[in-house]
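Descriptive structure summary
Chain by chain, the residues:
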Amino acid sequence: MWVLVSFSWPQEVVKTALARSTTHPIIIHHSFRPKRGDPDPNALSREYLRIVNPHRSRWVVAVLVIPTQLLSDFFDAPIPRLHTLKLSLAGPPFLRANPEMLLLTPGLTETLGNVEHVFLNVSACR
């Protein structure tokens, strides 16, 4: 069964995994690693999100290392079946001074109401 969908895979493999998993629950993995000199380091993350977002109703586990700028894009709507969230933020260290800002995203707030396991890595903010 195709249960894992990873950002590190080529787009065609991600699309195939999503199609073959049909309506089954899926695990989403995204690890943000910008390249030096990239004019838009978030472009690949946005494209991955564009592909996996229509399947968010099937997400049960999300392991995410994402830029702080994309937090609201990943959680722009609730993820109803998500039971485990591992979240590390990359980018400006706003969480160190304002940890409550993480909950300002309405989709994330509603999602967290259903999540059983939450792992936040604030030290990833650099």
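A few points on the structure. (Residues numbered from 1 in each chain as written. Predicted model: local features only at pLDDT ≥ 70, side-chain atom pairs only at ≥ 80, totals over all residues. Heavy atoms only, no water.)

**Quick word on the overall build of the chain**
Across its full length, the chain carries 5 helices and 5 strands. Helices and strands in the chain line up, N terminus first, as β-α-β-α-β-α-β-α-α-β. Roughly 7000 Å² of accessible area belongs to the chain as shown, and the carbon and sulfur atoms make up 59% of that amount. (Helix = DSSP H or I, 4+ residues; strand = E, 2+ residues; numbered from the N terminus. Areas by Shrake-Rupley, 256 points an atom, 1.4 Å probe, with all protein chains shown as cover.)

**Re helix α1 (residues 11–20)**
Residues Val14, Ala17 and Leu18 constitute the buried set of α1. Axial view of α1: buried residues confined to an arc of 95 degrees, hence all on one face. Residues of α1 that are exposed and point over 90 degrees away from its buried face: Glu12, Ala19 and Arg20. Residues of α1 that are buried sit in contact with β1 (4–6), β2 (26–31) and α2 (43–52). Just downstream of α1 lies Thr22, where phi reads positive at about 45 degrees. (Buried < 20%, exposed > 50% of the residue type's maximum accessible area, 1.4 Å probe, protein only. Arc of directions from axis to C-beta. Contact = heavy atoms within 4.5 Å.)

**Focus: the pairing of β2**
In terms of strand pairing, β1 meets β2 through 3 bridges, oriented parallel. Within the sheet, the bridge partner assigned to Ser6 lies in β2 and is His29. With α1 bridging β1 and its parallel neighbour β2, the resulting β-α-β unit is right-handed. Judged from the 6 bridges that link them, β2 and strand β3 (residues 59–67) form a sheet pairing that is parallel. Following the sheet pairing, Ile27 is matched in β3 by Val61. (Pairing = 2+ DSSP bridges. Right-handed = clockwise from strand over helix to strand, strands pointing away.)

**What about α2?**
Residues three or four positions apart in an α-helix share a direction because the helix packs 3.6 residues into each turn. Among the residues of α2, Ser45, Tyr48, Leu49, Ile51 and Val52 are the ones counted as buried. Here the buried residues of α2 occupy an arc of 160 degrees about the axis, which is enough to place them on one side.

**Considering the sheet that holds β1**
Spatial strand order, β1-β2-β3-β4-β5: 5 strands in an open sheet with parallel pairing. Only two strands of the sheet have a single partner each, and these edge strands are β1 and β5 (117–121). For this sheet, the mean angle separating the axes of adjacent strands, direction not counted, is 10 degrees. Strand direction decides the pairing type here: strand β4 (residues 84–90) and β5, joined by 5 bridges, are parallel. Paired with Ser88 across the bridge in β5 is Asn121. Against the sheet, α1 touches β1 and β2, its axis set at about 160 degrees to β1. The sheet contacts of α2 involve β1, β2 and β3, and relative to β2 the element is tilted by about 170 degrees. (Axes fitted to C-alpha atoms, helices over the stretch in contact; angles between N-to-C directions.)

**Quick look at the packing of α1 against α2**
Each packed pair of helices is defined by two parameters, the angle between the axes and the distance between the axes. One can describe the packing of α1 onto α2 by two numbers: an axis separation of 10 Å at closest approach and a directional angle of 20 degrees. Between α1 and α2, the angle falls in the class roughly parallel. The interaxial crossing formed by α1 with α2 has right-handed handedness. For the pair α1 and α2, the contacting residues are Gln11, Val14, Lys15 and Leu18 in the first and Glu47, Tyr48, Ile51 and Val52 in the second. Its residues placed into classes, the contact of α1 with α2 shows 5 nonpolar, 1 polar and 2 charged. (Parallel < 35°, antiparallel > 145°, perpendicular 65-115°, else oblique. Left-handed = near helix turned anticlockwise from the far one by under 90°. Nonpolar A, V, L, I, M, F, W, Y, C, P; charged D, E, K, R; others polar.)

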